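Each chain, written out:
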Amino acid sequence: MQNSLHTLQRIRREYIRAKGWLYTLQALAVALVGAAILYKWRLEVPLLAGLAILTIVAALVYLIWAWRSVQKTTLQQVARHLNRTYPQLEDSAGLLLRPTPELNLLERLQQQRVASQMQTAIPEKQSVFHLHKRPTYVALGIAVLVAAGIAALPATSVADATTTAPLQLDFPDAPAAVADTAVTIEEIKITVTPPAYTRRKAYQAEQPNLRVEQGARVTWRIKTNRPARSLTLVLSEGKPMALSSQNSGYTLSRTFTEPALYHIAVNGQKSAYYTLEIIPDEAPTIQITKPEQYTEILFGDPQRVTIRAELSDDYGLRDANMIATVAKGSGEAVKFREEKMSIGFSGQRRNFSVNKTIDLQKLGMTYGDELYFYVQAWDNHRGYTRSETYFVQIEDTTIVESMDDLTMGVNPVPEYFRSQRQIIIDTEKLIKEQKTLSRAVFEERGNNLGVDQKLLRLRYGKFLGEEFESGIGPGGGIPEGEEGHGEEEHFTGDGHDHPEFEDETSVEALLDPYLHKHDQEEAATFFEPAVKAKLKGALAQMWEAELRLRTHRPKEALPYEYKALRMLKEVQQSTRAYAAKTGFDAPPLKEPEKRLTGDLSKIKAPTERRTIEAETKLPDTRQALQWLEEQKQGNRYSQQDVALLERAGQELAQEALTKPGRYLRAMQDLRTLIADINANRPLCSNCLITVERAWYELLPPAKPAPQKQGTTRSRLAKSYLEELED
C-alpha cells in the first residue's frame, strides 16, 4: 500500500515540475523581447523603455501566478486523472488515499486489487501526463527571432523616428559674421496648444510653417549661443513683439484666430517669412434620409413616422435634439404647439446616427393635423446647424377639395361623407375588442354596424333615384337565391306604365331623350353617367360590407368599407369643371398694299404720359408697426385695431409658409394679442416684442435716399457767379 501512495506522490511531483517548466518558458519568451528593447535603446526613448519594463514585469507576474496555481495540485486530482487514463484501476484509485482501518471488507479487497494493478499498469519511469509542449516551444522560437532582429537594428533608427528633428530658421540676407550679428539660434521649439473644443493635446510643430486650429495657442521657445540684444517676432508687418527672456532662452505665446505671416528678427537680422494658417471649425452636418420633405399619411395607415439622420462634426458634437411643432385646426383657428424632443444623443462623439419613430397619436394629433419638425445640433465650439423643416400631414377625409360646387346651381355632394369613415373606425374598434367581448355582445355590435351601413347605403341611393331597395347592390339588390321574387307589381294607372311610342315622329318621342323622368330610378339623378357609375360602385361595396357585418365577419367587411370610402372620395373630386383658354387672333396684314410705299403720314411720335406710383410693400405690416410703437407709448387700443392686426397677420402668414419654424411663434403671439384686444385685457408685453421683431424682419432693406451735398466755394467763385446772375 505504501508503494502505491509513493507512486501517486511521484506522479504529482513530475506533473508540477513539467508544468512549471512550460510556464517558465512562456514567461521567458515574453521577457526576452522586453529585455532586447531595453538593452538596445536603454532609457533614450522613454516610450520604448516604459513598454519594455512593463513587458518584463508582466512576464514575472505571470510566472508567479502560474507557479502558485500548479502548486495547488492535490493527490485526489492525481487519482481522478489515473481513473480516467487507466480503465484497469476500475475507478478506485481514490481508495489508496484512505486509511485501511476505516475501510470495510469489500473496500479493503478492492484497495489491494488496485494497488497490485497500479504497480503493473504504471511503470516507474513512465510519464502519466501528456502536456502540449509544441505551442510553447514555437512561441519561444519566435521570441528569440524577434529579440535577435531588435539587436540587429541600428541604434538610432527608432530614436530618430520617435523624436522630432530640430527646427531650423533660414536667414537669407545674413551678412558676414560681425560683432553685432554674431548671435545665432541654436534651438527653436514651437509648441501648439489646440483650443479646448478640439479635445486634443499639445504637440510640437515639425516645421516653421504652421497650420493650427482656430483659437490655438502657439508658443515659440528659442535658444541662442549668446544673449541677444533684441529678439522679436513680427506678424504681418505689424508691430514687433519682443520675446521674453528666461533662464533657458526666449519665449513668446499668443492665441491665433486669423491667418498671418511672421518672421523672427535677431539683432535686426530678419529670417525668412513663414505662414501661419488657420483650420476653421466647421459647423455640424445633418443629413436626413427619411422621411421625405413632405409626407402624407393616408387614412388607414399607421400614424407613425420614422426619422433617420446622420449627424457629424470635425471635432465632436456637444448636443443634438429635434424641435417639433404640431399645427391643429384650419384657417384663423389654427393652433400651434412646439415641443423639444430627444433623439437619443448623449456624450461627446463625432458621428451620431438617428433612428427614431414618432407616434403621432401620442402627440395629440388626429385627422387633418400637421407636424413640422427639424433637427438641430451644436458642436464643442460655436458651431450650430439646423436641418430643413420637414412636413408630416395626416389625411383628413372630411374636407371637400372641390370648389366648383360653390358656383353651381345644384350641389350634388351630399353631407354624409363622414358616416362611412365612422363605420370604419367602429369596425376597427370592434375587431380590436373582440377578445374581450362575449359572443352575444360581439354579434350584437356587428349587427348594429350592419344596420348603420344599410342606412348609409339607402341615403346614398336617394341620389341615384333609388327610393326603394330594388336595384341596389349586386344583382339589382335581390339577395342570392331570391331571384324573381323582388320585382314590383305594376297596375294600371300607378304611373309606372311605359308604353312604346306608336308614332316615333310625334312630339313626345322627340322630347323623350331630353326629359328628366322622376318616375324612373335610372333617370332621377343630377349626376353625370361617369359619376353615377362610381357612386353605384360605392353602393355595391357597402352592400358587401353590410352582408359581412350582418353575418358577424367584421374583418372581411373592413376591405369593402375602405374601398367604399375611396370611391366616395373619387365622387367628391368628379364635379370639377374646366374652361378652355381663349387666345387673340390678330387680323391679317395687307402686305401687298402697304409694303414699300413709304407712307409715314399716320406715324406719330408717342406722347403718352403715365404716372407710375412706387408700390409700397407690406403696407399693413408698416401700419401695424406704427400701432405697436403707439402701444409702447401707453396709448389705448380699440376694437378696430383687430382688423389691422388680422391683415398684417396674413402678410406674416405668407412668409411663414416658407419659414414655418421661424415665424410660428410670432403668429401664435399675434393671436394672443388679438385675443387680448377682444377681451379688453392688458396686452402681453412679450408678445409685442416677438411680433415686432418678426415684422421688422419681413420689411425689405430701405433704399438709400438722395441727399443734397453742400459745396464750399471760394470768394473768387462767388464773385464770378454773382456777375453771371447780373
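Residues numbered from 1 in each chain as written. Predicted model: local features only at pLDDT ≥ 70, side-chain atom pairs only at ≥ 80, totals over all residues. Heavy atoms only, no water.

Engineer: How should I be thinking about the pairing of strand 5 (residues 231–235) in this particular structure?
Structural biologist: Regular strands show a simple pattern: their side chains alternate between the two faces of the sheet. Taking burial as the measure, the five residues of strand 5 include five buried ones, the bulk of the element. Neither face of strand 5 is open: one carries Leu231, Leu233 and Leu235, the other Thr232 and Val234, and all of them are buried. Inspection of the sheet shows strand 5 paired to strand 9 (residues 260–266) by five bridges, in the antiparallel sense. Bridging from a neighbouring strand, leucine 233 pairs with isoleucine 264 of strand 9. Where strand 5 meets strand 6 (residues 241–242), two bridges bridge the pair, whose relative direction is antiparallel. Bridge pairing links threonine 232 to alanine 242 in strand 6. (Buried < 20%, exposed > 50% of the residue type's maximum accessible area, 1.4 Å probe, protein only. Helix = DSSP H or I, 4+ residues; strand = E, 2+ residues; numbered from the N terminus. Pairing = 2+ DSSP bridges.)

Engineer: Which parts of the structure should I look at to understand the sheet that holds strand 2 (residues 203–204)?
Structural biologist: In a beta sheet, neighbouring strands are held together by backbone hydrogen bonds and run either parallel or antiparallel to one another. Taken together, the five strands give an open sheet; going across it, the order is 2-1-4-8-7, and neighbouring strands pair in antiparallel fashion. Strands with a single pairing partner mark the edges of an open sheet, and in this sheet they are strand 2 and strand 7 (244–246). Here eight bridges tie strand 1 (residues 185–193) to strand 4 (residues 216–224), and the two strands are oriented antiparallel to one another. In the strand pairing of strand 4, lysine 189 is matched with arginine 221.

Engineer: Whenever I open this one, the environment of threonine 251 confuses me. Can you help?
Structural biologist: By the element assignment, threonine 251 lies in strand 8 (residues 249–256). Given a relative accessible area of 11%, threonine 251 falls into the buried group. Linking threonine 251 and isoleucine 190, residues 61 residues apart in sequence, is a C-alpha distance of 9.7 Å. With residues up to four places along the chain from it excluded, the contact list for threonine 251 reads Thr219, Trp220, Arg221, Leu243, Ser244 and Gln246. There is a polar contact of 3.3 Å between the side chain of threonine 251 and the backbone oxygen of tryptophan 220. (Contact = heavy atoms within 4.5 Å. Polar contact = N/O pair within 3.5 Å; in protein donor to acceptor, adjacent residues only side chain to side chain.)

Engineer: So what exactly am I meant to see when it comes to the layout of surface pockets here?
Structural biologist: Size it by volume and the second largest pocket reaches roughly 490 Å³. Along the wall of the second largest pocket there are 16 residues; nearest its centre are Gln303, Gln361, Tyr367, Ile425 and Glu428. The biggest single contributor to the lining of the second largest pocket is helix 7 (residues 417–432), with four residues. A per-class count over the lining of the second largest pocket returns six nonpolar, four polar and six charged. (1 Å grid on protein atoms, 1.4 Å probe; cavity = no way out; pocket = protein on both sides within 12 Å on 5 of 7 lines; lining within 4 Å. Points joined across faces, edges and corners; volume = space filled by probe spheres on them. Nonpolar A, V, L, I, M, F, W, Y, C, P; charged D, E, K, R; others polar.)

Engineer: Hey, could you run me through the packing of aromatic side chains in this one?
Structural biologist: Describing an aromatic ring pair means giving the distance of the ring centres and the angle of the ring planes. Under the criterion given, the structure shown has 10 aromatic pairs. Between tyrosine 62 and tryptophan 65, the aromatic rings sit 6.3 Å apart at their centres with planes inclined by 35 degrees, giving tilted as the arrangement. Here tyrosine 62 pairs with tryptophan 65, and both are found in helix 2 (residues 46–71), just three residues apart, close to one helical turn. With a centroid separation of 5.6 Å and an interplanar angle of 20 degrees, the aromatic rings of phenylalanine 373 and tyrosine 390 are classed as stacked. Placement of phenylalanine 373 in strand 17 (residues 370–379) and of tyrosine 390 in strand 19 (residues 390–394) is noted, with a sequence separation of 17 residues between them. An aromatic cluster is defined as three or more aromatic residues linked by ring pairs; in this entry it consists of Tyr23, Tyr62 and Trp65. Positioned over the ring face of tyrosine 374 is arginine 386, at 3.9 Å from the centre of the ring. (Phe/Tyr/Trp six-rings, centres within 6.5 Å; stacked < 30°, edge-to-face > 60°. Lys NZ or Arg CZ within 6 Å of the ring centre and 35° of its normal.)

Engineer: What exactly am I supposed to notice about the confidence of the model for the protein chain here?
Structural biologist: Keep in mind that low pLDDT regions are not for reading the predicted coordinates in detail. A residue-level look at the protein chain finds 70% of positions with pLDDT of 70 or above and a mean pLDDT of 75. Contacts for the low-pLDDT stretch residues 176–180, under 50 throughout, to residues beyond four places or in other chains number three contacts. Of the regions scoring below 50 in pLDDT, residues 400–418 engages in 28 contacts with residues more than four places distant in sequence or in other chains. (pLDDT = per-residue confidence, 0-100.)

Engineer: Where do I start with the packing of helix 13 (residues 619–632) against helix 16 (residues 685–698) in this structure?
Structural biologist: How two helices sit against one another is set out by the angle between their axes and by the gap between those axes. For the pair helix 13 and helix 16, interaxial distance at closest approach is 10 Å and the crossing angle is 145 degrees. Crossing of helix 13 over helix 16 shows left-handed handedness. Contacts from Thr621, Ala624, Leu625, Leu628, Glu629 and Lys632 in helix 13 reach Leu688, Glu692, Trp695 and Tyr696 in helix 16. Grouping the amino acids of the contact of helix 13 with helix 16 by side-chain chemistry returns six nonpolar, one polar and three charged. (Axes fitted to C-alpha atoms, helices over the stretch in contact; angles between N-to-C directions. Left-handed = near helix turned anticlockwise from the far one by under 90°.)

Engineer: Just checking my understanding: could you explain the side chain of serine 387 for this structure?
Structural biologist: Topologically, serine 387 is positioned in the loop between strand 18 (384–386) and strand 19. Of the residues examined, serine 387 reaches a relative accessible area of 9% and is grouped as buried. Contacts of serine 387, omitting those with residues within four sequence positions, involve Ile286, Ile288, Tyr374 and Val375.

Engineer: It is not clear to me how the environment of valine 183 should be interpreted in this structure. Could you clarify?
Structural biologist: Summarising the element assignment, valine 183 is placed in the loop between helix 6 (157–162) and strand 1. Classification of valine 183 by relative accessible area gives buried; the value is 11%. Along the backbone, valine 183 and asparagine 267 are 84 residues apart, and their C-alpha atoms lie at a distance of 7.8 Å.

Engineer: Is there a simple way to think about the side chain of glutamate 395 in this case?
Structural biologist: With respect to the helices and strands, the residue glutamate 395 is situated in the loop between strand 19 and helix 7. Within the structure, glutamate 395 has its side chain in polar contact with the backbone nitrogen of phenylalanine 299 (distance 2.9 Å). Setting aside residues no more than four positions away along its own chain, glutamate 395 makes contact with Glu296, Ile297, Leu298, Phe299, Tyr367, Gly368, Arg566 and Lys569.

Engineer: So what exactly am I meant to see when it comes to a nonpolar patch on the surface here?
Structural biologist: Nonpolar side chains collect at one region of the surface, where Ile53, Val57 and Val61 lie side by side and expose about 250 Å² of accessible area between them. Positionally, valine 57 belongs in helix 2. (Patch = residues over 30% accessible without salt bridge, like charges linked within 9 Å, V, L, I, M, F, W, Y side chains within 5 Å. Areas by Shrake-Rupley, 256 points an atom, 1.4 Å probe, with all protein chains shown as cover. Salt bridge = Lys/Arg side-chain N within 4 Å of Asp/Glu carboxyl O.)

Engineer: I would appreciate a short explanation of the nonpolar core in the present structure.
Structural biologist: A general trend in soluble globular proteins is that nonpolar side chains are found buried together. With 28 residues, the main nonpolar core has Leu311, Ile343, Leu360 and Leu371 as its most contacted residues. Of all elements in the fold, only strand 12 (285–290), strand 14 (304–328), strand 16 (349–359), strand 17 and strand 19 reach the threshold of two or more residues within this core. Setting aside its immediate chain neighbours within four residues, leucine 371 contacts Ala324, Thr325, Val326, Leu360, Leu363, Met365, Tyr390, Phe391 and Val392. Counting 27 residues, the second-largest nonpolar core is a separate cluster that includes Leu231, Tyr250, Tyr262 and Val266. (Core = buried A, V, L, I, M, F, W, Y, C linked by side-chain atoms within 4.5 Å.)

Engineer: Is there a simple way to explain the pattern of salt bridges in this structure?
Structural biologist: Counted by the stated rule, this structure contains 15 salt bridges. Linking glutamate 546 and arginine 457 is a salt bridge whose minimum nitrogen-to-oxygen distance equals 2.8 Å. Pair noted here: glutamate 546 is in helix 10 (residues 529–550) and arginine 457 is in helix 8 (residues 439–462), with a separation of 89 residues, a long-range link. With respect to burial, glutamate 546 and arginine 457 carry one shared label: buried.

Engineer: I would appreciate a short explanation of the packing of helix 8 against helix 10 in the present structure.
Structural biologist: Relative to each other, helix 8 and helix 10 sit at 160 degrees, their axes nearing to 8 Å. As the angle between them shows, helix 8 and helix 10 are arranged roughly antiparallel. At the point where helix 8 passes helix 10, the crossing takes the left-handed sense. Within the contact between the two elements, helix 8 uses Gly446, Asn447, Leu449, Gly450, Val451, Gln453, Lys454, Leu456, Arg457, Tyr460 and Gly461 and helix 10 uses Leu535, Leu539, Met542, Trp543, Ala545, Glu546, Leu549 and Arg550. Considered class by class, the residues forming the contact of helix 8 with helix 10 number 10 nonpolar, five polar and four charged. (Parallel < 35°, antiparallel > 145°, perpendicular 65-115°, else oblique.)

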